[in-house]
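Summary of structural features
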Amino acid sequence: MPRRMLIAGNWKMHGLRADLGFFDSLAAPAARSNAEVLICPPATLLAAAAERCAGTDILLGGQDCHTNATGAHTGDVSAPMLKDAGARYVILGHSERRSDHAESSELVCAKADAALAAGLTPIICVGETLEQREAGEAFDVVGAQLSASLPAGAGTEFVIAYEPVWAIGTGLTASAEDVARMHAFIRTRLSKPASTRVIYGGSVKPGNAAELMALDDVDGALVGGASLDIDAFAAIIATAG
Ligand code: PEP
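So, here's what we can say about the structure.

1. Some thoughts on the overall build of the protein chain
Of regular secondary structure, the protein chain possesses ten helices and eight strands. Projected onto the principal axes, the alpha-carbon positions of the protein chain cover approximately 45 × 45 × 35 Å. Relative to its 241 residues, the protein chain shows a buried fraction of 51%. Long-range pairs, those at least 24 residues apart, make up 72% of the contacts in the protein chain between residues at least 6 apart in sequence. Summing over all exposed atoms, the protein chain offers an accessible surface of approximately 10,600 Å²; the carbon and sulfur share of this is 53%.

2. Quick notes on the sheet that holds strand E5 (residues 121-126)
Here eight strands make up a closed barrel; going around it, the order is E1-E2-E3-E4-E5-E6-E7-E8 and the pairing parallel. Sheet twist, expressed as the mean angle between neighbouring strand axes with direction ignored, is 25°. Strands in contact with helix H8 (residues 176-188) are E5, strand E6 (159-162) and strand E7 (197-201); relative to E7, the strand with the most contacts, it is inclined by about 150°.

3. Notes on the site of the ligand
Around the ligand sit 14 residues, and of these Lys 12, Glu 163, Gly 169, Ser 203 and Gly 224 come closest. Between the ligand and the protein, one listed contact pairs an oxygen atom with a side-chain N or O atom of Asn 10 at 3.2 Å. At a separation of 2.8 Å, an oxygen atom of the ligand approaches a polar backbone atom of Gly 225. In the complex, 98% of the free accessible area of the ligand, which totals 300 Å², lies under the protein chains.

4. Comments concerning the pattern of salt bridges
A pair can form between side chains of opposite charge whenever their charged atoms are brought close. Following the criterion strictly, the structure yields 13 salt bridges and no others. Two residues, Asp 24 and Arg 52, come together in a salt bridge whose shortest N-O distance is 2.8 Å. Of this pair, Asp 24 sits in helix H1 (residues 21-32) while Arg 52 is found in helix H2 (residues 43-53), placing the two residues 28 residues apart along the sequence. Each member of the salt-bridge network shares a partner with another, and the members are Arg 3, Arg 187, Asp 217 and Asp 219.

5. With respect to the pairing of strand E1 (residues 6-10)
A large share of E1 lies buried, amounting to five of its five residues. Taking every second residue as pointing to the same face, both faces of E1 are buried, with Leu 6, Ala 8 and Asn 10 on one and Ile 7 and Gly 9 on the other. The pairing of E1 with strand E2 (residues 36-40) spans five bridges and is parallel. Paired with Asn 10 across the strands is Cys 40, a residue of E2.

6. Overview of the environment of Leu 26
Take Leu 26: it is sitting in helix H1. Of the residues examined, Leu 26 reaches a relative accessible area of 0% and is grouped as buried. In this structure the C-alpha to C-alpha distance between Leu 26 and Arg 3, which are 23 residues apart in sequence, comes to 23 Å. For Leu 26, the contacting residues outside a window of four places in its chain are Val 37, Ile 39, Ile 58, Ile 230, Phe 233 and Ile 237.

7. Quick notes on the state of the cysteines
Scanning the model with the defined rule gives zero disulfides in all. Cysteine Cys 65 is unpaired, with the sulfur of Cys 40 as its nearest cysteine sulfur at 12 Å. The class for Cys 65 is buried, based on a relative accessible area of 1%. Sulfur of Cys 109: no disulfide; nearest cysteine sulfur belongs to Cys 65 and is 12 Å away.

What counts, and where the lines are drawn
- Residues numbered from 1 in each chain as written.
- Predicted model: local features only at pLDDT ≥ 70, side-chain atom pairs only at ≥ 80, totals over all residues.
- Heavy atoms only, no water.
- Helix = DSSP H or I, 4+ residues; strand = E, 2+ residues; numbered from the N terminus.
- Buried < 20%, exposed > 50% of the residue type's maximum accessible area, 1.4 Å probe, protein only.
- Contact = heavy atoms within 4.5 Å.
- Areas by Shrake-Rupley, 256 points an atom, 1.4 Å probe, with all protein chains shown as cover.
- Pairing = 2+ DSSP bridges.
- Axes fitted to C-alpha atoms, helices over the stretch in contact; angles between N-to-C directions.
- Near = heavy atom within 4 Å.
- Polar contact = N/O pair within 3.5 Å; in protein donor to acceptor, adjacent residues only side chain to side chain.
- Salt bridge = Lys/Arg side-chain N within 4 Å of Asp/Glu carboxyl O.
- Disulfide = S-S within 2.5 Å.

Now the structure itself:
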């Protein structure tokens, strides 16, 4: 069965209730698309966004979750809470969490297990820094992140997001050739290579999305900055068919 494209917007720490009209504008582009269209707003907006998206093709996700379902963890949000608020997916191991919160791949793996237990599909982010790429270590780094971050259970469904750290929020994009090579490499490391989606993230914009989305092993995009702009995000969705 062909893998269905996934175009996911990561709003990061952006978005107030005043911005919920975005979902009204996104409903038609999402309905026209063959791709799954996902927005991961801040947790504070999930429940209101879910109400706004009821009856549309727009899916919602969280940006992180705790390893535990409940407990004394002030400020954290659990996977069952995200699910309860309307999430279907959760981004895990984003480079900003790996750097801002010193998240290890082992922690990301535990979070992925928690997400799966709650009925969420994890989007597990991997990617090398510029220093690592320039040192020729990109494949070793991504391979090690995959080995330690991926949940092991049989029948688990997850998405991999390849996000070279140096391309996130910088306006720099990996070349189509580099993306193709890394995605092909990632696929060799998957236990279910034919069905697991591997999406690309890193300054995806309307101007570069078509070339990237056309690559064989690219099954969609994780979009940061451009997902805050309805025209840009709709244009990116349109490149996914
Ligand atoms: C991201 O947040 O995962 C991302 C890829 O951001 P941007 O598209 O802004 O580079």
